[in-house]
Amino acid sequence: MKLIADCGSTKIDWALCDYEKCVEMFNSPGVNPVFMNQGEIAKSFSEAFEGYLTGNKYIREVFFYGAGCVGKNAEKVAQVLEEIFPDALVVVCSDLVGAARALLNRKEGIACILGTGSNSCLFDGENIVSNIPPLGFVLGDEGSGAVLGKLLVNKMYKGQTGNELRLAFEQETGLTLPDIISNVYHSTMPSRFLASLVAFASRHIDDKAVERIVIDNFASFIENNVAAYGRRDLPVSFVGGMSLNFEKQLRRVVSDAGYTLGTILAKPIGGLVDFHLTAS
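These remarks concern the structure in this document. Being a predicted model, the structure only gives us computed values, none of them experimental. (Residues numbered from 1 in each chain as written. Predicted model: local features only at pLDDT ≥ 70, side-chain atom pairs only at ≥ 80, totals over all residues. Heavy atoms only, no water.)

**A closer look at the overall build of the chain**
The helix and strand inventory of the chain stands at 13 helices and 10 strands. Relative to the compact-globule value of 19 Å for 280 residues, the chain shows a C-alpha radius of gyration of 20 Å, a close match. For the chain, the C-alpha atoms occupy an extent of roughly 60 × 45 × 30 Å along the three principal directions. Of the roughly 13400 Å² of accessible surface on the chain, a fraction of 51% belongs to carbon and sulfur atoms. Placing the 25 positive and 32 negative side-chain charges of the chain at their respective mean positions leaves the two points 3 Å apart. (Helix = DSSP H or I, 4+ residues; strand = E, 2+ residues; numbered from the N terminus. Rg over C-alpha atoms; globule rule 2.2 N^0.38 Å. Areas by Shrake-Rupley, 256 points an atom, 1.4 Å probe, with all protein chains shown as cover. Lys, Arg positive; Asp, Glu negative; His and termini not counted. Charge placed at Lys NZ, Arg CZ, Asp CG, Glu CD.)

**Considerations on the environment of Gly140**
Tracing the backbone shows Gly140 in the loop between helix H4 (136–139) and helix H5 (145–157). Residue Gly140 is classed as buried on the basis of its relative accessible area of 9%. Each C-alpha atom, one on Gly140 and one on Ser118, is 8.6 Å from the other, the two residues being 22 residues apart in sequence. When sequence neighbours within four positions are dropped, the list of residues in contact with Gly140 reads Pro134, Leu135 and Val147. (Buried < 20%, exposed > 50% of the residue type's maximum accessible area, 1.4 Å probe, protein only. Contact = heavy atoms within 4.5 Å.)

**Focus on unusual backbone geometry**
Of note in the backbone geometry, Asn105 takes a positive phi value of approximately 55 degrees without being a glycine. Topologically, Asn105 is positioned in the loop between helix H3 (95–104) and strand E6 (109–114). Backbone geometry places Asp141, a non-glycine residue, at a positive phi of 60 degrees. Looking at the secondary structure, you find Asp141 in the loop between H4 and H5. What makes Asp141 buried here is its relative accessible area of 9%.

**Focus on the layout of surface pockets**
When its volume is computed, the largest pocket comes out at roughly 1600 Å³. The dominant element in the lining of the largest pocket, judged by the number of residues it contributes, is helix H8 (residues 190–196), at 4 residues. Roughly 270 Å³ of volume is contained in the second largest pocket. Together, 13 residues line the second largest pocket, and Lys150, Val153, Ile181, Val184 and Tyr185 are the ones closest to its centre. Elements that contribute at least two residues to the lining of the second largest pocket include exactly H4, H5 and helix H7 (177–185). Tallying contributions element by element places H7 first for the lining of the second largest pocket, with 5 residues. Looking at the lining of the second largest pocket, its residues break down into 10 nonpolar, 1 polar and 2 charged. (1 Å grid on protein atoms, 1.4 Å probe; cavity = no way out; pocket = protein on both sides within 12 Å on 5 of 7 lines; lining within 4 Å. Points joined across faces, edges and corners; volume = space filled by probe spheres on them. Nonpolar A, V, L, I, M, F, W, Y, C, P; charged D, E, K, R; others polar.)

**Let's talk about the sheet that holds strand E3 (residues 22–29)**
Here we have 5 strands laid out as an open sheet, ordered E3-E2-E1-E4-E5, and mixed in their pairing. The sheet is open, and its two edges are formed by E3 and strand E5 (89–94), each paired on a single side. Adjacent strand axes in the sheet meet at a mean angle of 15 degrees, parallel and antiparallel pairs treated alike. For strand E1 (residues 2–7) and strand E2 (residues 11–17), the ladder comprises 6 bridges, and the chain directions are antiparallel. (Pairing = 2+ DSSP bridges. Axes fitted to C-alpha atoms, helices over the stretch in contact; angles between N-to-C directions.)

**Describing the pairing of E2**
A large share of E2 lies buried, amounting to 6 of its 7 residues. Hairpin connection from E1 to E2: 3 residues lie between these consecutive antiparallel strands. Where E2 lies against E3, 7 bridges are found, and the strand directions are antiparallel. Along E3, the bridge assignment pairs Trp14 with Phe26. Counted between consecutive antiparallel strands, the loop separating E2 from E3 contains 4 residues.

**A short note on the pattern of salt bridges**
Inspection of every chain in the model, using the stated rule, returns 12 salt bridges. Across the pair Lys267 and Asp13 runs a salt bridge whose closest N-O atoms are separated by 3.8 Å. Here the residue Lys267 occupies a position in the loop between strand E10 (260–265) and helix H13 (269–277), and Asp13 occupies one in strand E2, the gap between them amounting to 254 residues. Lys267 gets classed as partly exposed once you look at its relative accessible area, which sits at 40%. In this structure, the salt-bridge partner of Arg252 is Asp256, at a minimum N-O distance of 4.0 Å. Separated by 4 residues within a single helix, Arg252 and Asp256 lie in helix H12 (residues 247–256), roughly one turn from each other. Assessed through its relative accessible area of 39%, Arg252 is described here as partly exposed. A relative accessible area of 62% means that Asp256 is categorised as exposed. Through salt bridges with shared partners, a single network forms among Lys11, Asp13 and Lys267. (Salt bridge = Lys/Arg side-chain N within 4 Å of Asp/Glu carboxyl O.)

Below, the structure written as structure tokens:
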């Protein structure tokens, strides 16, 4: 059996497969090796597997893709999985590798993540050959939910969207400007808070000001994170909630920039199952 995982800080999607098909899918709370030690990760995994994996000896391969899983942090996760599955081949890769494999399988292309944060890479069908650093929501992360939230707040409170939209925002979210300032500057997860404002933008996408913010956010992503690869001949594919929530606007931006749109996925796990079941 193969165990495949797509892991974020909030949730892990697990897929248990034989060598022909996926036989079961489940999820568990996310882990991030940047912020968690091995003991915490091991406890989370053990709780996740209760009731699902009753015969560990049958797991022969584990493929784990996760946020923060590079270098020593990837080794940390691998050591935990090797202890749980001592007879299995364990491979731990970054979420960007997972996105590229899920979106492109073994084809050349540009793979992009548009979620709370954003990222992109040039993929040659086997490896990531180039990656523009995303830099986080303060310095970069164009196209992401966190940046959309930041732009939305900026435009509303600087009077560029009209009072009606701002009043609707405050009524629907229950947030005031002091609340926003506190959540951004005095909380431990400001990017997650800002990304939570995407729900309001999605409900009001018919407002021209909101749609313009979404389009400008995506256009900035293409300009800063895709154009630098210099490969207009390759399709550009996307995974993540932002790409699905605002698919119409994304398609427009990609086309206007002169690129061919490839695949759009809500999350990688289905594509990763396809990748590993068609392994050559």
